[in-house]
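# Architecture and fold: a report
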Amino acid sequence: MAAKRVDHLVKMAEQIALNLGAGHDDAAAGEQTAGHIRHFWTPAMRLQLLDFWHHGGEVTAVLAVALRNLEEED
C-alpha cells in the first residue's frame, strides 16, 4: 500500500510540474512547483516524495528542481 501512495504522490507532483511549467524554463517552473507543494501538501507528503527521490526514484527535470528547493528549506 505504501508503494501505491508514493506512486500517487509522484504522479500528482509531476502533473503539478507539467501544469505550472508550461511556458517557463525548468528553474522557474521548479520554483512554482515547490511553492505549490509547500503550500498545499502536508509535511509528511513532502517527506515521502523527497525520500522517494533520495532513494533513486526518477522524476522530471522540473520536479527535480522543485525537490531541491524543498530540501533546502528543511
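Okay, so let's go over this structure.

Cut-offs used in this document
- Residues numbered from 1 in each chain as written.
- Predicted model: local features only at pLDDT ≥ 70, side-chain atom pairs only at ≥ 80, totals over all residues.
- Heavy atoms only, no water.
- Helix = DSSP H or I, 4+ residues; strand = E, 2+ residues; numbered from the N terminus.
- Rg over C-alpha atoms; globule rule 2.2 N^0.38 Å.
- Buried < 20%, exposed > 50% of the residue type's maximum accessible area, 1.4 Å probe, protein only.
- Areas by Shrake-Rupley, 256 points an atom, 1.4 Å probe, with all protein chains shown as cover.
- Lys, Arg positive; Asp, Glu negative; His and termini not counted.
- Charge placed at Lys NZ, Arg CZ, Asp CG, Glu CD.
- Expected span 1.5 Å × (residues − 1).
- Contact = heavy atoms within 4.5 Å.
- Polar contact = N/O pair within 3.5 Å; in protein donor to acceptor, adjacent residues only side chain to side chain.
- Axes fitted to C-alpha atoms, helices over the stretch in contact; angles between N-to-C directions.
- Parallel < 35°, antiparallel > 145°, perpendicular 65-115°, else oblique.
- Left-handed = near helix turned anticlockwise from the far one by under 90°.
- Arc of directions from axis to C-beta.
- Core = buried A, V, L, I, M, F, W, Y, C linked by side-chain atoms within 4.5 Å.

## Remarks on the overall build of the protein
- Helix and strand counts for the protein come out as four helices and zero strands.
- Shown N-terminal to C-terminal, the secondary structure of the protein runs as helices and strands in the order α-α-α-α.
- Computed over C-alpha atoms, the radius of gyration of the protein comes to 11 Å, within 12% of the 11 Å expected from 2.2 N^0.38 for 74 residues, which places it in the range of a compact globule.
- Overall, the C-alpha framework of the protein stretches about 35 × 20 × 20 Å when taken along its three principal axes.
- Each of the 74 residues in the protein was classed as buried or not, and the buried ones make up 38%.
- Only carbon and sulfur atoms are counted for the fraction: they give 57% of the accessible area of the protein, which is about 4700 Å².
- Side-chain charges of the protein comprise 6 positive and 11 negative groups, with the mean position of each set lying 10 Å from the other.

## Describing helix α2 (residues 26-40)
- For α2, built from 15 residues, the straight-helix expectation of 21 Å at 1.5 Å per residue is met to within 8% by its first-to-last C-alpha distance of 21 Å.
- Among the structural elements, α1 (2-21), α3 (43-54) and α4 (61-73) are those in contact with the buried residues of α2.
- Two or three places before Ala 27, at the opening of α2, Asp 25 has a side-chain oxygen 3.3 Å from that residue's backbone nitrogen.

## A short note on the packing of α2 against α4
- Packing of α2 against α4 brings their axes to within 7 Å, and their N-to-C directions diverge by 55°. With respect to α4, the axis of α2 lies oblique. The way α2 lies across α4 gives a crossing that is right-handed. In contact with Asp 26, Ala 27, Ala 29, Gly 30, Glu 31, Thr 33, Ala 34, Ile 37 and Arg 38 of α2, α4 contributes Ala 61, Val 62, Leu 63, Val 65, Ala 66, Asn 69, Leu 70 and Glu 73.

## Some details on α1
- Taking 1.5 Å per residue as the helical rise, α1 with its 20 residues ought to reach 28 Å, and the 28 Å between its terminal C-alpha atoms agrees with that figure.
- For α1, every residue scored as buried is listed here: Val 6, Leu 9, Val 10, Ala 13, Glu 14, Ile 16, Ala 17 and Gly 21. Taken around the axis of α1, the buried residues stretch over an arc of 160°, which confines them to a single face. Opposite the buried face of α1, by more than 90 degrees, sit the exposed residues Lys 4, Lys 11, Leu 18 and Asn 19.
- Next to the buried residues of α1 lie α2, α3 and α4.
- Gly 23 lies just past α1 and shows a positive phi near 80°.

## Some thoughts on the nonpolar core
- Core analysis: the biggest nonpolar cluster contains 17 residues, and Ala 13, Ile 37, Trp 41, Leu 49, Leu 63 and Leu 67 have the highest contact counts within it.
- Elements with a minimum of two residues in this core: α1, α2, α3 and α4.
- Leave out the neighbours within four places in its chain, and Ala 13 touches Thr 33, Ile 37, Trp 41, Leu 49 and Leu 63.

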